[in-house]
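Here's the letter readout for the chains.
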Amino acid sequence: MTITSTNQGPVSRITLDNPDKRNAFDDTLIEAMIEAFERAGADDRTRVILLDAAGKHFSAGADLNWMRAMGELDADRNRADARRLATLMRTIDGAAKPVVARVQGAAFGGALGLICAADMAVAADDARFCLSEVKLGILPAVIAPYVVRAMGPRQARRYFMTAEVIDAPRAGQLGLVHEVVPAVDLDTTVERLIAALLDGAPGAQRRARELVHRADGSAVDDAVVDYTADLIAELRTGAEGQEGLSAFLEKRAPNWKPDRN
Ligand code: COA
């Protein structure tokens, strides 16, 4: 067993579940994860995907036996294999539902890619992070787009080169995770984020990543102005926007809000 998937109402929980191997990932786990994220994304009942891990550590990143064994494959198979890890990162980044990561213990190497590809991450205050690849003679290559997006290029240069261990408070400052809380508060913090997500409109949430991407601080040119104006014009006249605006003005809950009685 490498991962476990469970459904709890509107939450699909995908758990790295190979603690004896420190949840290190090889080709089998990567395929299982891609499949689980696609399935949760396509499941109409699912509103939020929770990514977490069994055992003491979130994940030791790529399985180093598997990485080393790539030296025996031909170039095409080696490249194809690397692309599956890149596909996993992109699948999480583009998941059809918001993704929340829950992190305890060590999150090394590729594990940081999973965390940074998620929409939001909560870590226990004793969690440890490391981009350890350079110590192994490799680089955090396929995870770089997500990690650099999270911590920024200047910080990434340092940590890609030094492989220093990053403690949880520092990971919070760097933007690798959104919240750092005592381990006993991890679940309630995750639940609070999930509750907030369930209160929001699912269609609008689906468009939020693209909006952030288009409004990420690069030049505000005519195309960006057009895009943002068109987006609000579309959303406020759409069924979901009309429902949300009416619900507020009529002092009632919108129709997507779960009944918490
Ligand atoms: N790939 C394959 N096996 C791994 C692994 C990895 N990424 N990380 C740990 N393991 C194995 C260890 O070799 C050890 O195997 P053994 O029981 O046969 O000796 C077992 O998992 C437990 O590892 P250990 O280091 O004793 O566990 P720990 O709880 O003290 O520390 C880590 C956990 C994750 C901090 C530590 O294992 C580590 O630094 N791993 C390397 C992580 C890394 O650099 N990943 C980058 C991948 S690109």
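So, a few notes on the structure that sits alongside this text. (Residues numbered from 1 in each chain as written. Predicted model: local features only at pLDDT ≥ 70, side-chain atom pairs only at ≥ 80, totals over all residues. Heavy atoms only, no water.)

1. Describing the side chain of His57
Applied cut-off: The helix count covers DSSP runs of H or I at least four residues long, the strand count covers runs of E at least two residues long, and both are numbered beginning at the N terminus. In this scheme, a residue with accessible area under 20% of its type's maximum is buried, one over 50% is exposed, and one in between is partly exposed, where area comes from a 1.4 Å probe on protein chains only. In the analysis that follows, any N or O atom pair within 3.5 Å is treated as a polar contact, provided that within protein one partner can donate a hydrogen and the other can accept it, and provided that, for residues neighboring in sequence, both atoms belong to side chains.
Structurally, His57 is set in the loop between β3 (48-53) and α2 (64-69). With relative accessibility at 14%, the residue His57 sits in the buried group. Looking at His57, its side chain comes within polar contact range of the main-chain nitrogen of Ala106, at 2.9 Å.

2. Topic: the sheet that holds strand β7 (residues 128-130)
Our working rule: Whether two strands pair comes down to DSSP finding at least two bridges between them. Axes here mean lines fitted to C-alpha atoms, for a helix over just the part in contact, with angles spanning 0 to 180 degrees between N-to-C directions.
Strand order in this open sheet of three strands is β5-β7-β8, and the pairing throughout is mixed. On the outer flanks of this sheet lie β5 (106-108) and β8 (165-167), each paired with one strand and no other. When strand polarity is set aside, the average angle formed by the axes of neighbouring strands in this sheet is 20°. Across three bridges, β7 lies against β8 in antiparallel orientation. By the bridge assignment for β8, Arg128 is matched with Asp167.

3. Digging into the side chain of Thr91
Definition in use: Two residues qualify as a contact provided that any one of their heavy atoms is within 4.5 Å of a heavy atom in the partner residue.
Residue position: Thr91 is located in helix α3 (residues 75-93). For Thr91, the contacting residues outside a window of four places in its chain are Ile34, Phe37 and Glu38.

4. Some words on unusual backbone geometry
Where the residue is not glycine, phi is negative for most of them; where a peptide bond is considered, it is trans in most cases. Here Arg22, not a glycine, exhibits a phi torsion of approximately 55°, which is positive. Within the secondary structure layout, Arg22 lies in the loop between β2 (11-16) and α1 (27-42). The class for Arg22 is partly exposed, based on a relative accessible area of 42%. Positive phi outside glycine occurs at Lys251, with the angle close to 55°. Within the secondary structure, Lys251 is located in the segment after α11 (239-249).

5. What to know about the sheet that holds β2
Taken in spatial order, the six strands make up an open sheet running β1-β2-β3-β4-β6-β9, and their pairing is mixed. Each edge of the open sheet is held by one strand with a lone partner, namely β1 (3-8) and β9 (179-181). When strand polarity is set aside, the average angle formed by the axes of neighbouring strands in this sheet is 20°. The sheet contact formed by β3 and strand β4 (residues 99-103) spans three bridges and is parallel. Within the sheet, the bridge partner assigned to Leu51 lies in β4 and is Ala101.

6. Let's talk about the site of the ligand
How we decide: What makes a residue near a molecule or strand is one non-hydrogen atom of that residue sitting within 4 Å of it. For every accessible area listed, the method is Shrake-Rupley and the probe measures 1.4 Å; residues are considered covered only by the protein chains on display. Residue type decides the class: Asp, Glu, Lys and Arg count as charged, Ala, Val, Leu, Ile, Met, Phe, Trp, Tyr, Cys and Pro as nonpolar, and the leftover types, Gly among them, as polar.
Looking at the ligand, there are 13 residues lining it, with His57, Ala60, Ala62, Leu64 and Ser132 nearest. At a separation of 2.7 Å, an oxygen atom of the ligand approaches a polar side-chain atom of His57. Within the contact set of the ligand, a nitrogen atom lies 2.9 Å away from a backbone nitrogen or oxygen of Ala62. Starting from 880 Å² of accessible surface for the ligand in isolation, the protein chains cover 59%. Across the shell around the ligand, the residue classes break down as seven nonpolar, two polar and four charged.

7. Some words on the pairing of β1
Here β1 pairs with β2 via six bridges, running antiparallel. Across the sheet, the residue bridging to Ser5 is Ile14, located in β2. Between β1 and β2, which pair antiparallel and follow one another directly, the connecting turn spans two residues, one of which, Gly9, has a positive phi of 60°.

8. Things to note about the layout of surface pockets
If a probe as big as a water molecule is rolled over the atoms, it shows which places are left empty. Stated precisely, the cut-off is as follows: The rule is simple: put a 1 Å grid over the protein atoms alone, call a set of points where a 1.4 Å probe fits but cannot get out a cavity, call an open set with protein on both sides within 12 Å along at least five of seven lines a pocket, and count a residue as lining if it has an atom within 4 Å of a point. Grid points are joined across faces, edges and corners, and a volume is the space filled by probe spheres set on the points.
Considering only enclosed or pocket space, the largest pocket measures out at about 890 Å³ in volume. Taken together, 31 residues line the largest pocket, and the ones lying closest to its centre are Asp93, Asp119, Arg149, Arg209 and Val212. The biggest single contributor to the lining of the largest pocket is helix α9 (residues 202-214), with eight residues. Looking at side-chain class alone, the lining of the largest pocket contains 16 nonpolar, six polar and nine charged residues. Size it by volume and the second largest pocket reaches roughly 570 Å³. Ala62, Met67, Leu85, Ile138 and Leu139 are, among the 26 residues lining the second largest pocket, the residues nearest its centre. Counting residues per element, the ones that place at least two in the lining of the second largest pocket are α2 and α3. Split by residue class, the lining of the second largest pocket holds 17 nonpolar, six polar and three charged.

9. Quick look at the pairing of β2
Condition: By definition, the crossover connecting two strands over a helix is right-handed if that path, from the first strand to the second, turns clockwise as seen with the strands pointing away from the viewer.
Counting buried positions along β2 yields five of six residues, so the element is predominantly enclosed. Note on the crossover from β2 through α1 to β3: the handedness is right-handed.

That's the geometry; what it means functionally is another story.
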